[in-house]
Amino acid sequence: MAVVASAPGKVLMTGGYLILERPNPGLVLSTNARFYAIVKPINEEVKPESWAWKWTDVKLTSPQLSRESMYKLSLKHLTLQCVSASDSRNPFVEHAIQFAIAAAHLGSDKDKEALHKLFLQGLDITILGSNDFYSYRNQLESLGLPLTPESLGTLAPFASITFNSGDSNGANCKPEVAKTGLGSSAAMTTAVVAALLHYLGVVDLSDPCKVGKFGCSNLDVIHMIAQTSHCLAQGKVGSGFDVSCAVYGSQRYVRFSPEALSFAKVAVTGLPLHEVIGGILKGKWDHERTEFCLPPLMNLFLGEPGSGGSSTPSMVGAVKKWQMSDPEKARENWQKLSDANLELETKLNSLSTLAKDHWDVYLGVIKSCSVLTSEKWVLHATEPINEAIIRELVGAREAMLRIRILMRQMGEAAGVPIEPESQTQLLNSTMNAEGVLLAGVPGAGGLDAIFAITLGDSGSKLTQAWSSHNVLALLVKEDPHGVCLESGDPRTTGITSGVSSIHIE
């Protein structure tokens, strides 16, 4: 029987750049954009002669890219060998498969014969990403459709993906998929790891918090293996917030020490994979994760300006170079930025508490402010509780404005466009719109999608305003849930954004 797991994309609201260094936190929101992994056997029955096989088959299908890759899996060494054209390889999925299988050898609930039978049947893996991970502006424009969420909604779920063309001078440059910056590789890796671990009996996704054979929860096992797979595929140890978000959902995150993955680095030296994964699962994972989500009646919106994405690694490299060349200025900027990030976090948490303690008043204030620009919100501060709510709303805006100023200063000093002028104008007009609490560039910034947090029902006005500025509002919303077990193939069950899932609280 097929196993289907899904994991969400992310929006890093605060903590861009700072999150790379402990103990700086980041606020990361998970979304309804999800990646799905479907795992089933290639052959329903095991051929009698196959018990003597040393290799078995793995098939990886990505329908949206019209790609199918075949691999041979060594049953002794647990290594994959691609037997398809090299341009169809997916290093994230390859590492996910190898480490998930290694974990199964260490700690599956299935007996060895049952596990061996699953391997001999072959592994048929299909990966699917929600449309929101990819840019469909060009398709909408070629169809003559307006740049609106309604137009995006007319596209078939899991629509075919087009590629960015090569470089402008026509050199041999491998085209890349046009993305919206939601962390597709982390969500994909996590979904594949989760589906395989469930299929092979290592974890039970229907009971995610249960402590298993490795002495930690099922979710923790998925997290460690997904982080390892993702870092090795990238060729570097990142902060890991995107994978953590894909596993656990919306959160306040502080990165793990890179030493947690020191064992993974020896994987390339020939140490048996099951020993590598054993070391990783016993390693010191010192990341910090606290529950966080937007206060009630606040909504996340993402807008794609159509100016093309940015290269996060090159921007991070430029910022690190600036830190080394002017450490005093960099420290001063980062301290102020850290203070502003904390201030925004504090205001949002305070609003969540006020909503819980004074729901009726909170509801009234949000409803009133949703149809007004921010300078008029103070007109509704007529009672002490109303005044307290509006004070926190205004404080959140002011903190976000400080964050944006400091991020721009960092970008100017490092010579990279963290908030380019075109984004600044767009964000200013967004924050001046009715019912908009704040707006910014997520994560490392650049020319990817922008985000906005709106109050109540004001979102429709914002998407119309964006459309008039040639900005395509995506269908992405906050969904605080992380990885989950799905009820079936999303193409047949109608799942497009985590609906009909067994959600993990």
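This structure is a prediction, so every number in the text was calculated from the model and none was measured. (Residues numbered from 1 in each chain as written. Predicted model: local features only at pLDDT ≥ 70, side-chain atom pairs only at ≥ 80, totals over all residues. Heavy atoms only, no water.)

**Q** Pulling in residues and values, what's your account of the overall build of the chain?
**A** Looking only at helices and strands, the chain has 15 helices and 14 strands in total. Relative to a compact globule of 505 residues, whose C-alpha radius of gyration would be 23 Å, the chain shows 23 Å and is just as compact. Considered along the principal axes of its C-alpha atoms, the chain spans approximately 80 × 50 × 50 Å. Burial analysis of the chain (505 residues in total) assigns 56% to the buried set. When contacts within the chain are restricted to residue pairs at least 6 apart in sequence, long-range pairs at least 24 apart make up 73% of them. For the chain, the accessible surface area stands at approximately 21,600 Å², while carbon and sulfur atoms represent 52% of it. Counting 43 positive and 51 negative side-chain charges, the chain places the centres of these two groups 5 Å from one another. (Helix = DSSP H or I, 4+ residues; strand = E, 2+ residues; numbered from the N terminus. Rg over C-alpha atoms; globule rule 2.2 N^0.38 Å. Buried < 20%, exposed > 50% of the residue type's maximum accessible area, 1.4 Å probe, protein only. Contact = heavy atoms within 4.5 Å. Areas by Shrake-Rupley, 256 points an atom, 1.4 Å probe, with all protein chains shown as cover. Lys, Arg positive; Asp, Glu negative; His and termini not counted. Charge placed at Lys NZ, Arg CZ, Asp CG, Glu CD.)

**Q** So what about the side chain of Asn-341? Which residues, and what values?
**A** Within the secondary structure, Asn-341 is located in helix α10 (residues 327-357). With residues up to four places along the chain from it excluded, the contact list for Asn-341 reads Thr-14, Gly-15, Leu-18 and Ile-403.

**Q** Quick rundown of the sheet that holds strand β12 (residues 472-473)? Include the residues and the values.
**A** The strands making up a sheet are joined through hydrogen bonds of the backbone, oriented either antiparallel or parallel. The strand order β10-β11-β9-β12 describes an open sheet built from four strands, whose pairing is antiparallel. Only two strands of the sheet have a single neighbouring strand rather than two, namely β10 (436-440) and β12. Sheet analysis places strand β9 (residues 298-304) next to β12, joined by two bridges and oriented antiparallel. Among the inter-strand pairings, Glu-304 is bridged to a residue of β12, identified as Leu-472. Strands in contact with helix α12 (residues 384-414) are β9, β10 and β11 (450-455); relative to β10, the strand with the most contacts, it is inclined by about 15°. (Pairing = 2+ DSSP bridges. Axes fitted to C-alpha atoms, helices over the stretch in contact; angles between N-to-C directions.)

**Q** Mind laying out a nonpolar patch on the surface, listing which residues take part and the relevant values?
**A** The grouping of Leu-297, Trp-359 and Leu-363 at the surface amounts to a nonpolar patch, some 240 Å² of accessible area in total. With respect to the element layout, Leu-297 can be found in the loop between β8 (288-291) and β9. (Patch = residues over 30% accessible without salt bridge, like charges linked within 9 Å, V, L, I, M, F, W, Y side chains within 5 Å. Salt bridge = Lys/Arg side-chain N within 4 Å of Asp/Glu carboxyl O.)

**Q** Summarise the pairing of strand β6 (residues 123-129); cite the residues concerned and give the values.
**A** Taking burial as the measure, the seven residues of β6 include seven buried ones, the bulk of the element. Residues Leu-123, Ile-125, Ile-127 and Gly-129 of β6 are buried on one face, and the alternating residues Asp-124, Thr-126 and Leu-128, pointing to the opposite face, are buried as well. Sheet topology places strand β2 (residues 25-41) next to β6; seven bridges connect them, and they run antiparallel. The residue bridging Pro-41 from the neighbouring strand is Leu-123, located in β6. In terms of strand pairing, strand β3 (residues 55-62) meets β6 through four bridges, oriented parallel. Residue Thr-61 lies in a different strand from β6, and its bridge partner there is Thr-126.

**Q** Please provide a residue-by-residue account of the pattern of salt bridges, values included.
**A** Evaluation of the coordinates by the stated rule reveals 13 salt bridges. With a closest N to O distance of 3.8 Å, Lys-59 and Asp-124 form a salt bridge. Within this pair, whereas Lys-59 is found in strand β3, its partner Asp-124 is found in strand β6, the two being separated by 65 residues in sequence. For Lys-59, a relative accessible area of 22% translates into the label partly exposed. Each of the salt bridges in this network shares a partner with another, and the network as a whole consists of Glu-343, Lys-347 and Glu-392.

**Q** Any chance you could break down the packing of helix α6 (residues 218-234) against helix α7 (residues 241-248) for me, citing the residues and the numbers?
**A** Interhelical geometry of α6 versus α7 gives an angle of 150° and a closest axis separation of 9 Å. With respect to each other, α6 and α7 are oriented roughly antiparallel. Judged by the twist between their axes, the crossing of α6 over α7 is right-handed. Of the residues in α7, those touching α6 at Leu-219, Asp-220, Ile-222, His-223, Ala-226, Gln-227 and His-230 are Asp-242, Val-243, Ser-244, Val-247 and Tyr-248. A per-class count over the contact of α6 with α7 returns six nonpolar, four polar and two charged. (Parallel < 35°, antiparallel > 145°, perpendicular 65-115°, else oblique. Left-handed = near helix turned anticlockwise from the far one by under 90°. Nonpolar A, V, L, I, M, F, W, Y, C, P; charged D, E, K, R; others polar.)

**Q** Which residues make up the confidence of the model for the chain, and what values do they have?
**A** Low pLDDT marks regions whose predicted coordinates should not be analysed in detail. For the chain, the mean per-residue pLDDT works out to 90, and 91% of the residues sit at or above 70. Predicted confidence for residues 166-175 stays below pLDDT 50, and this span has six contacts to residues more than four positions away or in other chains. In the predicted structure, residues 496-505 sits below a pLDDT of 50 and forms 32 contacts with residues beyond four places in sequence or in another chain. (pLDDT = per-residue confidence, 0-100.)

**Q** Run through the packing of aromatic side chains, naming residues and quoting values.
**A** Applying the stated criterion across every chain yields a total of five aromatic pairs. Taken together, a centroid distance of 5.7 Å and an interplanar angle of 90° make the contact between Tyr-36 and Phe-158 edge-to-face. Of the two residues, Tyr-36 sits in strand β2 while Phe-158 sits in the loop between α4 (149-153) and α5 (184-199), which places them 122 residues apart along the sequence. This pair shows no difference in class: Tyr-36 is buried, exactly as Phe-158 is. In this structure an aromatic cluster arises from ring pairing among Phe-35, Phe-133 and Tyr-134. The ring of Trp-377 carries the charged tip of Arg-397 above its face, separated from the ring centre by 5.7 Å. (Phe/Tyr/Trp six-rings, centres within 6.5 Å; stacked < 30°, edge-to-face > 60°. Lys NZ or Arg CZ within 6 Å of the ring centre and 35° of its normal.)

**Q** Before we move on, can you summarise the pairing of strand β4 (residues 67-74) with the specific residues and values?
**A** Pairing between β3 and β4: eight bridges, direction antiparallel. Bridge pairing in β4 links Ser-62 to Arg-67. Linking β3 back to β4 in an antiparallel pair, the connection comprises four residues, with Ser-66 at a positive phi of about 55°. Summarising the sheet, β4 and strand β5 (residues 80-82) pair through three bridges and their orientation is antiparallel. Note that in β5 the partner of Leu-73 across the bridge is Leu-80.

**Q** Explain the nonpolar core to me, using residue names and the numbers behind them.
**A** By size, the foremost hydrophobic cluster in this structure holds 155 residues, and its most contacted members are Tyr-17, Leu-197, Ile-222, Met-298, Leu-393, Met-410 and Leu-437. Contacts of Met-298, omitting those with residues within four sequence positions, involve Leu-348, Leu-351, Tyr-362, Leu-393, Leu-437, Ile-453, Thr-454 and Leu-455. Among the nonpolar cores identified, the runner-up in size contains five residues, and Val-4, Tyr-36, Leu-128 and Phe-158 belong to it. (Core = buried A, V, L, I, M, F, W, Y, C linked by side-chain atoms within 4.5 Å.)

**Q** Tell me what's going on with the packing of α12 against helix α13 (residues 421-431), and back it up with residues and numbers.
**A** Running from N to C, α12 and α13 point in directions that differ by 175°, and their axes come no closer than 13 Å. Accordingly, the angle class assigned to the pair α12 and α13 is roughly antiparallel. Here Arg-397, Leu-401, Arg-404 and Arg-408 of α12 lie close against α13, whose contacting residues are Thr-424, Leu-427, Asn-428 and Met-431. Class assignment for the residues of the contact of α12 with α13 results in three nonpolar, two polar and three charged.

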